[in-house]
Amino acid sequence: EPSIEDIKRCIRKGTRTMDFFPTYCGSAFKNKGVQLVLDAVVDYLPSPTEVDPQPLTDEEGEPTGKHALVSADETFKALAFKITDDRFGALTFVRIYSGTLKKGDTILNAATGKTERIGRMCEMQADDRNELSSAQAGDIIAIVGMKSNVQTGHTLCDPKDPIILEAMVFPEPVISISVKPKDKGSTEKMGIAIGKMVAEDPTFRVETDEDSGETILSGMGELHLDIKVDILKRTYGVELEVGQPQVAYRETITQEVEDSYTHKKQSGGSGQFGKIDYRIKPGEANTGFTFKSVVVGGNVPKEFFPAIEKGFKGMMDTGVLAGFPVLDVEVELYDGGFHAVDSSAVAFEIAAKGAFRQSIPKAGPQLIEPIMKVDVFTPDDHVGDVIGDLNRRRGMIKDQEAGATGVRVKADVPLSEMFGYIGSLRTMTSGRGQFSMEFSHYSPCPNAVSEKVIAEVKERNAAKK
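Quick caveat: nothing in here was measured; it's all calculated off a predicted structure.

Engineer: Even after reading the chapter, I still don't get the overall build of the chain, so can you show me in this structure?
Structural biologist: When you go through the chain residue by residue, the secondary structure sums to nine helices and 27 strands. Counting only C-alpha atoms and orienting by the principal axes, one finds that the chain spans roughly 90 × 65 × 55 Å. The burial tally for the chain puts 39% of its 465 residues in the buried class. A separation threshold of at least 6 residues defines the contact pool for the chain, and within that pool the share at least 24 residues apart is 70%. Roughly 26100 Å² of accessible area belongs to the chain as shown, and the carbon and sulfur atoms make up 51% of that amount.

Engineer: Help me out: how do you make sense of the nonpolar core in this one?
Structural biologist: Generally speaking, nonpolar side chains in soluble globular proteins are found buried as a group. Ranked by internal contacts, the top residues of the largest apolar core, which has 41 residues, are Tyr249, Val376 and Leu390. Among the secondary structure elements, those contributing two or more residues to this core are strand E14 (175-181), helix H3 (186-200), helix H4 (222-234), strand E24 (365-378), helix H7 (383-392), strand E26 (407-414), helix H8 (421-428) and helix H9 (447-464). When sequence neighbours within four positions are dropped, the list of residues in contact with tyrosine 249 reads Phe324, Pro325, Leu367, Ile368, Glu369, Ser416, Cys445, Val449 and Val453. One finds Ile276, Phe291, Val331 and Ala351 within the second-largest nonpolar core, a separate group that totals 26 residues.

Engineer: Teacher, can you tell me more about the pattern of salt bridges here?
Structural biologist: Opposite charge on two side chains permits them to pair, given that their charged atoms come into close proximity. Taken as a whole and assessed by the stated rule, the structure comprises 25 salt bridges. With a shortest N-O distance of 3.6 Å, lysine 292 and glutamate 332 are connected by a salt bridge. Here the residue lysine 292 occupies a position in strand E22 (residues 289-293), and glutamate 332 occupies one in strand E23 (residues 329-337), the gap between them amounting to 40 residues. According to the relative accessible area criterion, lysine 292 is partly exposed, its value standing at 39%. Close ionic contact of aspartate 381 with arginine 432 constitutes a salt bridge, the shortest N to O distance being 3.8 Å. With aspartate 381 in the loop between E24 and H7 and arginine 432 in the loop between H8 and strand E27 (434-444), this residue pair connects regions lying 51 residues apart in the sequence. It is possible to trace a salt-bridge network through shared partners that takes in Glu258, Arg279, Lys281, Lys292, Glu330 and Glu332.

Engineer: Is there a simple way to think about the layout of surface pockets in this case?
Structural biologist: Over the atoms a probe the size of a water molecule is rolled, and this reveals where empty space is left. Reported here for the second largest pocket is a volume of approximately 320 Å³. Among the secondary structure elements, those contributing two or more residues to the lining of the second largest pocket are H4, H8 and E27. The element contributing the most residues to the lining of the second largest pocket is H4, with four residues. Here the lining of the second largest pocket is built from residues that sort into seven nonpolar, four polar and two charged.

Engineer: Explain the packing of H7 against H8 here, please?
Structural biologist: Each packed pair of helices is defined by two parameters, the angle between the axes and the distance between the axes. The contact between H7 and H8 brings their axes to 10 Å, and the two run at 150°. Taken together, the axes of H7 and H8 lie roughly antiparallel to each other. Like other packed secondary-structure pairs, H7 and H8 cross with a definite hand, here right-handed. Contacts between H7 and H8 involve Asp385, Val386, Asp389 and Leu390 from the former and Tyr421, Leu425 and Met428 from the latter. Taken together, the residues of the contact of H7 with H8 sort by class into five nonpolar, no polar and two charged.

Thresholds applied
- Position numbers for residues count from 1 along each chain, tracking the sequence in the order it is written.
- This being a predicted model, a pLDDT of at least 70 is required before a residue's local features are given, and a value of 80 or more before pairs of side-chain atoms are given or counted; all residues contribute to the totals for chains, interfaces and linings.
- Only hydrogens and water are removed before side-chain values are computed, so all heavy atoms of the structure are retained for them.
- Here a helix means four or more residues in a row that DSSP labels H or I, a strand means two or more in a row labelled E, and each is numbered from the N terminus.
- Each residue's exposure class comes from its accessible area (1.4 Å probe, protein chains only) as a fraction of the maximum for that residue type: buried when under 20%, exposed when over 50%, partly exposed otherwise.
- The contact rule is simple, with two residues in contact once any of their heavy atoms fall within 4.5 Å.
- Areas reported as accessible are Shrake-Rupley estimates using a 1.4 Å probe. Residue values count occlusion only from the protein chains shown.
- In plain words, nonpolar cores are sets of buried Ala, Val, Leu, Ile, Met, Phe, Trp, Tyr and Cys residues tied together by side-chain atoms within 4.5 Å.
- Think of a salt bridge as a Lys or Arg side-chain nitrogen and an Asp or Glu carboxyl oxygen that are within 4 Å of each other.
- Every definition here rests on a 1 Å grid over the protein atoms only: cavities are sets of points where a 1.4 Å probe fits but cannot get out, pockets are open sets enclosed by protein on both sides within 12 Å along at least five of seven lines, and lining residues have some atom within 4 Å of a point.
- Grid points are joined across faces, edges and corners, and a volume is the space filled by probe spheres set on the points.
- All residues other than Ala, Val, Leu, Ile, Met, Phe, Trp, Tyr, Cys, Pro, Asp, Glu, Lys and Arg, Gly among them, are scored as polar; the first ten of these are nonpolar and the last four charged.
- Helix axes use the C-alpha atoms of the stretch in contact, all axes being lines fitted to C-alpha atoms, and the angles between their N-to-C directions lie in the range 0 to 180 degrees.
- By definition in this entry, angles of less than 35 degrees are roughly parallel, angles greater than 145 are roughly antiparallel, angles of 65 to 115 are roughly perpendicular, and the rest are oblique.
- Handedness of a crossing follows from how the near helix is turned relative to the far one, being left-handed for an anticlockwise turn of less than a right angle and right-handed for a clockwise one.

Quick look at the structure:
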C-alpha cells in the first residue's frame, strides 16, 4: 500500500502537469475548510522554482528571448497583481519574479514609463502587516502608497533593464447599469469610492452619460454589478438608486466601400486642406480598429498618417445606427492630396473624421450583440425543459455531458436574453439547477432585435432632451 507521502508526491506531480485538480469543500464565511486549502497549496502547488519561467518582452511587446528566472542574482522584475485600498492607504500586491527589492530602491513601472522610490514594504498576514526592509525572488509582498499610477497587471522592474512580463488579459465589460445616490450629499462620497473600486478591478468600468448626467457602471454580469453596489452600500455607506441593466451592444460593417473625402476651409490667412482616398472594409473578428497606408509617390506625406489614423480611430466610439462603439473595421489609405501651405495634421484629422461619417452608412452598418458561453447543470429529469428554455432565449446548444448526478448543457446565448435566468432555472429544476456564464464573442443581431434596440435608444435620447 502506498504511503501518504507517495500519494501526495503523485498528486503534486499530476497537479503540476494539470492532469489533476484537487478539490475541497468548505465555507470561507464560516472559516471551514480554509486550512485544508492552505495545506493543499503547500502540498500540491509548485514552488516558484518549479514552474516554467516567464518569457519577457520589450516595451514594444516584442519577445526578447529572455526569461524571468527565479533568482535573487538577476535584475529586479515583478508583477503588480492586485490593488486594494485599506485604512492605511493604497496597497499594491506584488509578486517578485527575480532579483531583490530593498526599501529606498528606485523602480520603473514599465507600463507608464514612470520611476518611483519604494517607501514601505510589508508581508501581509490577513489584516496584519510585517514591515520588511527587503524582499527577493519568489516573495509576495505589498507596497504601501505607490504614486506612479500602478494598475493590476503592470510590470515593475529595474530602470536600467526595462522589460515587460506577460500581461494579464481582461475581457471587455458586457453589461451596464445606471446609478445615482439617494441623497445629494453622497455624490462626492460615491465618486471617491467608485474611483478606488475601478483601480482594484480592471473588469469594472465607470463613465458618465453626457446627455443625462447619469453614472454608468459596467461589468461582467448581473452578479458582478450587484456585488459592486453592495460594496458601495456596506463599505462606503453610499445608498444608490439602480437603473435597469443595459447590454453593451456594438456596431460593425458588412461591406467594403471605396471613397474619397476632401476637407477644405479658407478663412483669412492660411486655410486648411486635406484630401484622402481610402477603403473601409470589415476587419477580422476581435481586431477592433486597424489602419494601414499603401500610398506611394508622396501624394499624402508620411507625417500626416498618424493624424489620419487618429481621426478615424476617434470616431470608432460612436456608431451611426444607435451610437454604440464600432468594432472590427479596417481602413486602408491608398491616395490623396495635400497643399504645401494649407495642409496640416489637424486638417487631415478633420478629413478622416468627415470620411468616417460619410462612408460608414454606405458600408452596411450592423448591430452586434454580446454572446455568452453558458454552462448549465441540471438533474436528468429536467434536461428537456432546460434545453427548450435556452432555445426560446435564442440559445445555440453546443454540447451535453451526462454526469453521475445530472447533465451539463453548454450553449451560446445572447446576454440580452439571460437577465433573471437564475430564477427561471430554479423554478424549472425545483431549485437544483445551477449555471455559470462568461463572455464569448460578438455576433450580429437579428433584424427584429436590432430594430427594437435602435428604437429604444432613440426613445431614451428623446426623453433626455
